[in-house]
There are 2 protein chains.
Amino acid sequence: MAENKPVNVAVVGATGAVGEKIIEILENRDFPINELKLLSSKRSAGKKVLFNNQELIVEEAKPDSFDHVDIALFSAGGSVSKQLAPEAVKRGAVVVDNTSAYRMADDVPLVVPEVNVDDLQSHNGIIANPNCSTIQMVAALKPIQEAFGLSRVIVSTYQAVSGAGNEANDELAEQTRQYLNGEDMTAALLPVKGDENHYPIAFNALPQIDVFQENGYTFEEMKMINESKKILHQQDLAIAATCVRLPFFTSHAESVYIDVEKDGLTVEDIWKVLREADSVVLQDDPGTQTYPTPLSSSNQEDVFVGRVRKDLDDPKGFHLWVVSDNLIKGAALNTIQIAQRLVENKWL
Amino acid sequence: MAENKPVNVAVVGATGAVGEKIIEILENRDFPINELKLLSSKRSAGKKVLFNNQELIVEEAKPDSFDHVDIALFSAGGSVSKQLAPEAVKRGAVVVDNTSAYRMADDVPLVVPEVNVDDLQSHNGIIANPNCSTIQMVAALKPIQEAFGLSRVIVSTYQAVSGAGNEANDELAEQTRQYLNGEDMTAALLPVKGDENHYPIAFNALPQIDVFQENGYTFEEMKMINESKKILHQQDLAIAATCVRLPFFTSHAESVYIDVEKDGLTVEDIWKVLREADSVVLQDDPGTQTYPTPLSSSNQEDVFVGRVRKDLDDPKGFHLWVVSDNLIKGAALNTIQIAQRLVENKWL
């Protein structure tokens with residue numbers, strides 16, 4: 001990227017779990033930054049962050065914060081994006097938004113660069129970064145869809161608490177200590193910060209991520225369903241999801257059942273297209289107990305796939321186990337990869 | 001059961017996780033016991049156990065231990081069952097075996113009393129107790145199968161470490177302490193005691209329960225598949241499983257997708273048959289965030305079902321979330337319920 005003109009970048013939500021990762025990855029990837037502006041809520045403003053050995057002070061995000069910003073990376077919750085992303089666009093910035101605020105809007109590209117980079121070209125100032133659990137799944141499914149067609153997806157997720165932010169990490173750690181000390185666990189956050197009831201996540205599993213919708217599915221489940229269809233450009237894809245929060249800090253795992261269109265495929269055929277896919281790493285050898293886990297996939301950039309099995313009844317059915325770091329490829333890294341493609345292709 | 005003649009009962013594996021639960025439940029249920037004999041490996045023999053305020057000494061299990069025993073409840077691993085169950089039968093006992101040693105044998109009934117109690121009548125001395133993850137699933141599926149027919153099951157499990165015994169509980173607790181203290185985690189047991197590699201379970205998910213089979217599925221997955229067909233008396237049932245071990249101590253959860261035979265059903269139709277089913281408790285109200293979790297289901301006798309949703313694409317498809325205590329209904333309680341039915345029906 002050396003030939004690209006350095007750009008002014010703003011990170012909104014700089015002190016959150018994803019914001020911190022974005023800053024870390026921007027530093028490590030040598031992104032062509034002219035000026036980096038760190039923005040947050042009023043409450044977190046004033047914090048100091050080290051970037052490339054330079055101390056930056058986090059400022060409160062306001063409409064004027066986006067003057068002279070080329071790319072604004074938003075990860076501060078949907079309401080902040082709804083309020084400030086249009087202000088950033090009005091001032092000439094391109095927004096890459098990590099919230100669900102704009103994902104399903106017709107005029108907003110929803111992009112995983114390995115899957116649908118060309119959708120970036122039609123942006124109108126805002127590009128949406130998909131939900132973490134969606135990104136890793138479509139990254140694994142795209143090469144299969146392309147090679148063999150895809151007609152059905154049934155996914156059950158195993159999701160890390162960090163998807164609910166740094167506070168959720170603290171809650172898991174604290175409840176774990178309480179449980180091991182024989183104390184009552186205090187639950188104040190999960191499953192959903194703004195919902196009525198809170199249940200312990202330590203040594204437990206909560207089959208609710210985000211709020212319930214009219215149809216009995218949670219918003220997280222509907223995100224996976226609707227976003228996957230949009231990213232894979234396949235509105236007729238039959239897809240269902242059950243999303244479950246589990247007591248680990250990082251990386252989401254997914255048990256994915258698929259029906260392909262093509263007949264007569266073997267596990268080796270699926271392995272072959274996954275091996276050749278960008279950002280996908282196959283870790284699949286039952287003979288040596290090789291498969292990805294949340295711990296083995298944490299702090300890694302790729303999407304790891306294992307446990308590929310042919311269904312025993314449906315000749316077009318396969319099972320996969322897909323794991324990736326929810327804060328990296330599931331959020332911060334994908335956001336930065338979108339920004340990079342915008343810069344490289346001069347699509348700003 | 002007051003009218004039934006008290007029987008002599010032996011518990012093999014009395015010091016293990018399931019054996020301990022069996023003794024606890026035998027005491028609480030007022031099972032008509034004349035004499036209780038506690039048996040174990042040579043290593044654990046000599047331990048003292050309180051039963052109905054009486055101190056019993058655990059003895060080493062040997063062929064002669066089964067003289068004058070009417071019912072022998074085995075939970076000491078498959079090799080012990082293979083060696084000693086025939087010896088017990090030879091001496092006139094009826095064996096209820098908690099291991100996988102005899103489950104798929106044609107002349108051995110595999111029984112969940114609420115599902116297929118009549119299969120007990122054809123026993124030849126040995127009755128098999130199904131795998132924990134199978135029991136809770138078929139308990140929830142049987143009323144649906146009976147009312148509406150069942151053609152397809154795809155299950156992803158969320159299984160507690162206690163399924164791998166008391167040692168696995170200790171390993172999870174110890175690794176959790178190590179992780180929170182910033183120490184390296186020591187993994188010596190999970191995912192499978194006798195397998196080559198061991199991985200940490202604390203703050204992780206392991207997509208391997210029991211050893212891998214030739215076809216890429218684990219033995220646990222094949223147990224769920226084959227046992228469900230046998231118990232539900234439906235060899236043509238299309239059924240697939242992905243089994244995952246998770247960092248909680250007790251109760252397995254299962255994300256179950258089903259296709260029913262009947263057209264036009266609603267969530268209310270599924271609710272109705274589940275509400276009327278023995279040993280099944282419906283906990284399903286998105287409006288009040290009501291659904292079962294491993295913690296809420298632990299130390300309970302029933303199978304809890306929530307998150308019932310109609311599939312958004314397949315008019316015959318439904319999703320369920322099934323949770324039960326893996327040591328109680330999943331093991332000890334079901335074993336004792338089998339023994340009770342044998343006594344009540346004079347099928348010994």
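From a predicted model like this one, the values you see are computed outputs, not experimental measurements.

So, how was this worked out
- Residues numbered from 1 in each chain as written.
- Chains lettered and ligands numbered in written order.
- Predicted model: local features only at pLDDT ≥ 70, side-chain atom pairs only at ≥ 80, totals over all residues.
- Heavy atoms only, no water.
- Helix = DSSP H or I, 4+ residues; strand = E, 2+ residues; numbered from the N terminus.
- Rg over C-alpha atoms; globule rule 2.2 N^0.38 Å.
- Contact = heavy atoms within 4.5 Å.
- Areas by Shrake-Rupley, 256 points an atom, 1.4 Å probe, with all protein chains shown as cover.
- Lys, Arg positive; Asp, Glu negative; His and termini not counted.
- Charge placed at Lys NZ, Arg CZ, Asp CG, Glu CD.
- Least-squares fit on C-alpha atoms with pLDDT ≥ 70 in both.
- Domains from an automatic or database assignment.
- Buried area = accessible area lost by both parts, 1.4 Å probe.
- Salt bridge = Lys/Arg side-chain N within 4 Å of Asp/Glu carboxyl O.
- Expected span 1.5 Å × (residues − 1).
- Bend = angle between axes of the 7 residues up to and from the residue.
- Buried < 20%, exposed > 50% of the residue type's maximum accessible area, 1.4 Å probe, protein only.
- UniProt positions renumbered as here; feature names shortened; annotations may be inferred.
- Pairing = 2+ DSSP bridges.
- Polar contact = N/O pair within 3.5 Å; in protein donor to acceptor, adjacent residues only side chain to side chain.

When helices and strands are counted, chain A shows 9 helices and 14 strands. Compactness check: chain A gives a C-alpha radius of gyration of 20 Å against a globular reference of 20 Å for 348 residues, within 12% of the reference. Dimensions along the principal axes, computed over C-alpha positions, put chain A at roughly 60 × 55 × 40 Å. Across chain A, contacts joining residues at least 24 apart in sequence account for 66% of those joining residues at least 6 apart. Here chain A displays about 13200 Å² of accessible surface, and carbon together with sulfur accounts for 44% of that area. Measuring between centres, the 31 positive side-chain charges of chain A sit 3 Å from its 51 negative side-chain charges.

The two copies are related by a screw operation: chain B maps onto chain A through 180 degrees of rotation and 0.0 Å of translation along the axis, at an RMSD of 0.0 Å. Interpreted geometrically, this transformation is the action of a two-fold axis. With an isologous cut-off of 70% or more, the 100% of interface residues of chain B that recur at the interface of chain A puts this contact in the isologous class.

Time to look at the domain arrangement of chain A. Residues and elements named next belong to chain A. Here the domain parsing of chain A yields domain 1 (7–129 + 331–344) and domain 2 (134–326). If you average the C-alpha positions of domain 1 and of domain 2, the two centres end up 25 Å apart. Domain 1 puts 21 residues into the contact, and the matching count from domain 2 is 20 residues. Here domain 1 packs against domain 2, burying approximately 1600 Å² in sum over the two surfaces, 58% of which is carbon and sulfur. By the criterion of area lost to domain 2, the three top residues of domain 1 are Leu110, Glu114 and Val115, representing 30% of everything that side buries. Counting across the interface, domain 1 meets domain 2 through 2 salt bridges. As a salt-bridge pair, Arg103 and Glu227 come within 3.0 Å of each other at their nearest N and O atoms.

Let's shift gears to helix α9 (residues 328–344) of chain B. All names here are of chain B. End to end, α9 covers just 21 Å across 17 residues, shorter than the expected 24 Å (1.5 Å per residue, more than 12% under). Of all bends in α9, the biggest is about 40 degrees, found at Asn334. For α9, the tally of buried residues reaches 15 of 17 residues, placing the bulk of the element in the interior. Just downstream of α9, Lys346 is the residue with a positive phi angle, here 55 degrees.

So, about the side chain of Thr293 of chain A. With respect to the helices and strands, the residue Thr293 of chain A is situated in the loop between β12 (280–282) and α8 (294–297). Judged by relative accessible area, Thr293 of chain A falls into the buried class, the value being 5%. For Thr293 of chain A, the contacting residues outside a window of four places in its chain are Val323 of chain A together with Asn204, Ala205, Leu206 and Pro207 of chain B.

The next subject is the UniProt feature "domain: Semialdehyde dehydrogenase NAD-binding" (unreviewed entry) in chain A. Per the UniProt record, the feature "domain: Semialdehyde dehydrogenase NAD-binding" (unreviewed entry) sits at residues 8–123 of chain A. The distance separating the terminal C-alpha atoms of residues 8–123 of chain A is 19 Å; by composition the span is 25% helix and 27% strand.

Across the junction of Leu190 of chain A and Pro191 of chain A, the peptide omega takes the value 5 degrees, indicating a cis bond. Within the fold, Pro191 of chain A resides in the loop between α5 (166–180) and α6 (219–231). Positive phi outside glycine occurs at Ser251 of chain A, with the angle close to 80 degrees. Mapped onto the fold, Ser251 of chain A is located in the loop between β10 (238–242) and β11 (252–260). Judged by relative accessible area, Ser251 of chain A falls into the buried class, the value being 0%. A positive phi angle, near 55 degrees, is found at His233 of chain B, a position not held by glycine.

Residues and elements named next belong to chain B. Burial of the side chains of strand β3 (residues 48–51) is restricted to one face: Val49 and Phe51 are buried, whereas none of Lys48 and Leu50 on the reverse face is. Where β3 and strand β4 (residues 54–57) come together, 4 bridges link them in antiparallel fashion. Residue Phe51 lies in a different strand from β4, and its bridge partner there is Gln54. The antiparallel hairpin formed by β3 and β4 contains 2 residues in its connecting segment, where Asn52 sits at a positive phi of about 50 degrees.

Applying the stated criterion across every chain, the model contains 34 salt bridges over all chains. Between Arg91 of chain B and Glu87 of chain B there is a salt bridge whose closest N-O contact spans 2.9 Å. Beyond isolated ion pairs, a larger network of salt bridges with shared partners links Asp64, Asp67, Glu87, Lys90 and Arg91 of chain A.

A few words now on the interface of chain B and chain A. Interfaces are frequently sized by the accessible area removed from exposure as the parts join. Each side of the interface is counted separately: chain B has 64 residues, and chain A has 64 residues. Both faces considered, chain B and chain A share a buried interface measuring about 5100 Å² in area, 60% of it formed by carbon and sulfur atoms. Linking chain B with chain A are 6 salt bridges. With a closest N to O distance of 3.2 Å, Arg152 of chain B and Asp311 of chain A form a salt bridge. Counting across the chain B and chain A interface gives 42 residue pairs in polar contact (both at pLDDT 80 or more). Secondary-structure elements contributing two or more residues to the side of chain B that touches chain A are β9 (150–158), α5 (166–180), α6 (219–231), β10 (238–242), β11 (252–260), α8 (294–297), β13 (303–310) and β14 (317–324) of chain B. Top contributing element to the side of chain B that touches chain A by residue count: α5 of chain B, with 6 residues.

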